[in-house]
Amino acid sequence: MTLDSLQLLFFKNYDDAALRLSPGLNCFIGDNGSGKTNLLDAIHYLSLTKSAITASDALCIKQDADFFVVKGIFSSNTTPDKETIQVSLRQGQKKTVTHDKQPYERMADHIGRYPAVLISPYDTDLIRQGSEERRKYFDSLMAQLDHAFLEQLISYNSLLRQRNVVLKQGGYSNAHGFDRDYLLALDEQLAPLGQQLTALREAFLIDYLPIFQRHYEQLADGREQVMLTYKSQLVGADFAQLLRLNERKDFVLQRSTVGAHRDDFVFLMNELPVKSYASQGQQKSFAIALKLAQFELLAAKQHNKPLLLLDDIFDRLDDKRIARLLELVADETFGQVFLTDTNLERTDQALARVTVPILRFRVQNGTVAPV
Ligand SMILES: Nc1ncnc2c1ncn2[C@@H]1O[C@H](COP(=O)(O)OP(=O)(O)OP(=O)(O)O)[C@@H](O)[C@H]1O
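Residues numbered from 1 in each chain as written. Predicted model: local features only at pLDDT ≥ 70, side-chain atom pairs only at ≥ 80, totals over all residues. Heavy atoms only, no water.

## So, the nonpolar core
As a reminder, the rule being used: Buried Ala, Val, Leu, Ile, Met, Phe, Trp, Tyr and Cys residues that are joined via side-chain atoms within 4.5 Å together make up what is termed a nonpolar core. In this scheme, a residue with accessible area under 20% of its type's maximum is buried, one over 50% is exposed, and one in between is partly exposed, where area comes from a 1.4 Å probe on protein chains only. What counts as a helix is a DSSP run of H or I of at least four residues, what counts as a strand is a run of E of at least two, and both are numbered from the N terminus. Marked domain ranges trace back to an automatic or database domain assignment. When checking whether two residues touch, look at their non-hydrogen atoms; a contact exists if any pair is within 4.5 Å.
Residues Tyr 208, Phe 212, Phe 267, Phe 286 and Leu 290 are the most contacted members of the largest nonpolar core, which totals 75 residues. With 15 residues, helix H5 (residues 180–220) is the largest single contributor of residues to this core. Inspection of this core shows a minimum of three residues originating in each of domain 1 (1–115 + 308–371) and domain 2 (123–303). In contact with Phe 212, other than residues within four places in its own chain, are Val 226, Leu 228, Phe 286, Ala 289, Leu 290 and Ala 293.

Following this line, the structure appears as structure tokens:
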């Protein structure tokens, strides 16, 4: 799948931008704050219907405008037909995503069809931040790989939200506040779903781990042993029973304290937590290896290489890691690549040996044009 062209209207710091893209490498060059990452984020929207950076869709509407549109035209080598994906949002309304002008009823139906992988300096947040960040990362990857997993996750989260509403309605002993029969009915559906999610995540990790370890070894010359394990209260336990055992506590705290929404992926280096043990450089390699493994799994699943978005790699990665990434670009491990940098000469130097077709774009204060 190749993104042939990209068009933006009132997206972040862009008024109106349209660009024809290379099927090989696309370089967005411009000063800090000019709008390079915003272009990658627009592509992320086309793939995953949401920003990689901004938590709220509404904040992606250009300041003082009342809507945004991101439109991409895709081609593939299996069919001559082009496909148009458009994401739009009007202030105060629901976001719409269309495929060839047909709106998706559910965003979930789009997920996984146009895969993209973003490698960004913020990837090490996966190591430094809490379990929610890691769970979201792996859930999003698994959702792109397996639609059934996404459906189960959506159902689980919806039941969990309903359960938490019940818990907030009143204290455990408050007969007016809550309906215990309703809680038990929710739990009856929640328990098997939670147990399945945990089992699917555990099974996924078995496939993902060796791919991740191979990429880490290649990036870091195999000096350290890296490991990912899965931590869940539900492994080897009966979730239905745990829900009952924790019911009183859940009422007091007004939230669900056990379940698949509390699971974590544990990152280890030489058997110690990466967060406290690994150097900054090792953490960067760890995070890039996570993303390269993601790329490889998505590519294998779709028989179609994901779009690769490389944000600020020259500024924030050392020469060795950049060289490794560019080797992968050069030997065409990747398909279509988009990268950002502040310095055209440096980009040209780094890409001197890359033979795939390259287009360079100058980004200036919310405008973008071919160099
Ligand atoms: N909703 C919005 N309306 C207007 N401007 C916005 C909006 N959201 C973000 N911006 C602006 O976009 C700019 C940031 O763009 P972006 O992150 O793409 O920069 P960049 O070129 O990647 O910079 P760097 O090299 O520092 O990473 C900032 O100036 C920010 O104020």
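## A word on the site of the ligand
Formally: Any residue with a heavy atom lying within 4 Å of a molecule or strand is counted as near it. Any pair of N or O atoms that falls within 3.5 Å is considered a polar contact. Within protein, one atom must be able to donate a hydrogen and the other to accept it, and sequence-neighbouring residues count only if both atoms are side-chain atoms. Shrake-Rupley sampling with a 1.4 Å probe provides the accessible areas, and residues are treated as covered by the protein chains on show and by no other component.
Among the 15 residues in the neighbourhood of the ligand, the closest are listed as Gly 33, Lys 36, Thr 37, Asn 38 and Leu 59. At a separation of 3.0 Å, an oxygen atom of the ligand approaches a polar backbone atom of Gly 35. With respect to the ligand, the backbone of Ile 61 contributes an N or O atom lying 2.9 Å from a nitrogen atom. Within the complex, the protein chains bury 68% of what would otherwise be the 650 Å² of accessible surface of the ligand.

## Observations concerning the side chain of His 215
By secondary structure assignment, the location of His 215 is in helix H5. Looking at His 215, its side chain comes within polar contact range of the side chain of Glu 296, at 2.8 Å. Excluding residues within four positions of it along the chain, His 215 makes contact with Ala 289, Leu 292, Ala 293 and Glu 296.

## Things to note about the domain arrangement of the chain
Quite often, the size of an interface is put as the accessible area lost when its parts meet. Operational definition: Values labelled buried area give the accessible surface lost by two parts on being combined, using a 1.4 Å probe and summing over both. Think of a salt bridge as a Lys or Arg side-chain nitrogen and an Asp or Glu carboxyl oxygen that are within 4 Å of each other. Any residue that is not Ala, Val, Leu, Ile, Met, Phe, Trp, Tyr, Cys, Pro, Asp, Glu, Lys or Arg is counted as polar, Gly included; the first ten are nonpolar and the last four charged.
Annotation of the chain at the domain level lists domain 1 (1–115 + 308–371) and domain 2 (123–303). Each of domain 1 and domain 2 was reduced to a C-alpha centroid, and the two centroids are 28 Å apart. Contacts between the two partners involve 18 residues from domain 1 and, on the opposite side, 19 residues from domain 2. Of the roughly 1600 Å² buried where domain 1 meets domain 2, counting both sides, 62% is carbon and sulfur surface. When the area that domain 1 buries against domain 2 is broken down by residue, the three leading residues are Lys 320, Arg 321 and Arg 324, summing to 33%. At the boundary of domain 1 and domain 2, one finds 1 salt bridge. One salt bridge connects Glu 151 with Arg 106, and the closest N-O pair in it is separated by 2.8 Å. Linking domain 1 with domain 2 are 5 residue pairs in polar contact (both at pLDDT 80 or more), by the criterion used here. Counting residues per element, the side of domain 1 that touches domain 2 draws most heavily on helix H11 (residues 319–330), which supplies 5 residues. The residue makeup of the side of domain 1 that touches domain 2, split by class, is 9 nonpolar, 3 polar and 6 charged.

## Some words on the pairing of strand E6 (residues 96–99)
Formally: Being paired, for any two strands, means DSSP has found at least two bridges between them.
Bridge analysis of strand E5 (residues 83–90) against E6 gives 4 bridges, and the strand direction is antiparallel. Across the sheet, Gln 86 pairs through a bridge with Thr 98, a residue of E6. Counting the residues that bridge the hairpin from E5 to E6 gives 5 residues, and of these Gly 92 lies at a positive phi of roughly 80°. Connecting E6 to the antiparallel partner strand E7 (residues 102–103) that follows it, the hairpin turn spans 2 residues, and Asp 100 within it adopts a positive phi of roughly 50°.

## Here we look at the packing of helix H9 (residues 280–302) against H11
Each packed pair of helices is defined by two parameters, the angle between the axes and the distance between the axes. Stated precisely, the cut-off is as follows: Lines fitted to C-alpha atoms define the axes, with helix axes restricted to the stretch in contact, and inter-axis angles between N-to-C directions lie between 0 and 180 degrees. Each angle gets one of four labels, with under 35 degrees taken as roughly parallel, over 145 as roughly antiparallel, 65 to 115 as roughly perpendicular, and the rest as oblique. It is the rotation of the near helix from the far one that decides the hand of a crossing: anticlockwise by less than a right angle makes it left-handed, clockwise makes it right-handed.
It is at 11 Å that the axes of H9 and H11 come closest, and there the two elements cross at 15°. With respect to H11, the element H9 is oriented roughly parallel. The handedness of the crossing between H9 and H11 is right-handed. Side by side, H9 and H11 meet where Gly 281, Lys 284, Ser 285, Ile 288 and Leu 292 of the first sit next to Arg 321, Leu 325 and Leu 328 of the second. Class assignment of the residues belonging to the contact of H9 with H11 gives a composition of 4 nonpolar, 2 polar and 2 charged.

## Some thoughts on the sheet that holds strand E9 (residues 226–231)
Pairing in this open sheet of 3 strands is antiparallel, and the strands run E9-E10-E11 from one edge to the other. Edge strands, defined here as strands with exactly one partner in the open sheet, are E9 and strand E11 (272–273). When E9 meets strand E10 (residues 264–269), the two strands line up antiparallel, connected through 6 bridges. Across the sheet, residue Leu 228 finds its bridge partner in E10, namely Phe 267. Across the sheet, H5 is in contact with E9 and E10; its angle to E9 comes to roughly 170°.

## So, unusual backbone geometry
Its identity is not glycine, yet Asp 64 carries a phi of approximately 75°, on the positive side. As for its placement among the helices and strands, Asp 64 is situated in the loop between helix H1 (36–48) and strand E4 (67–75).

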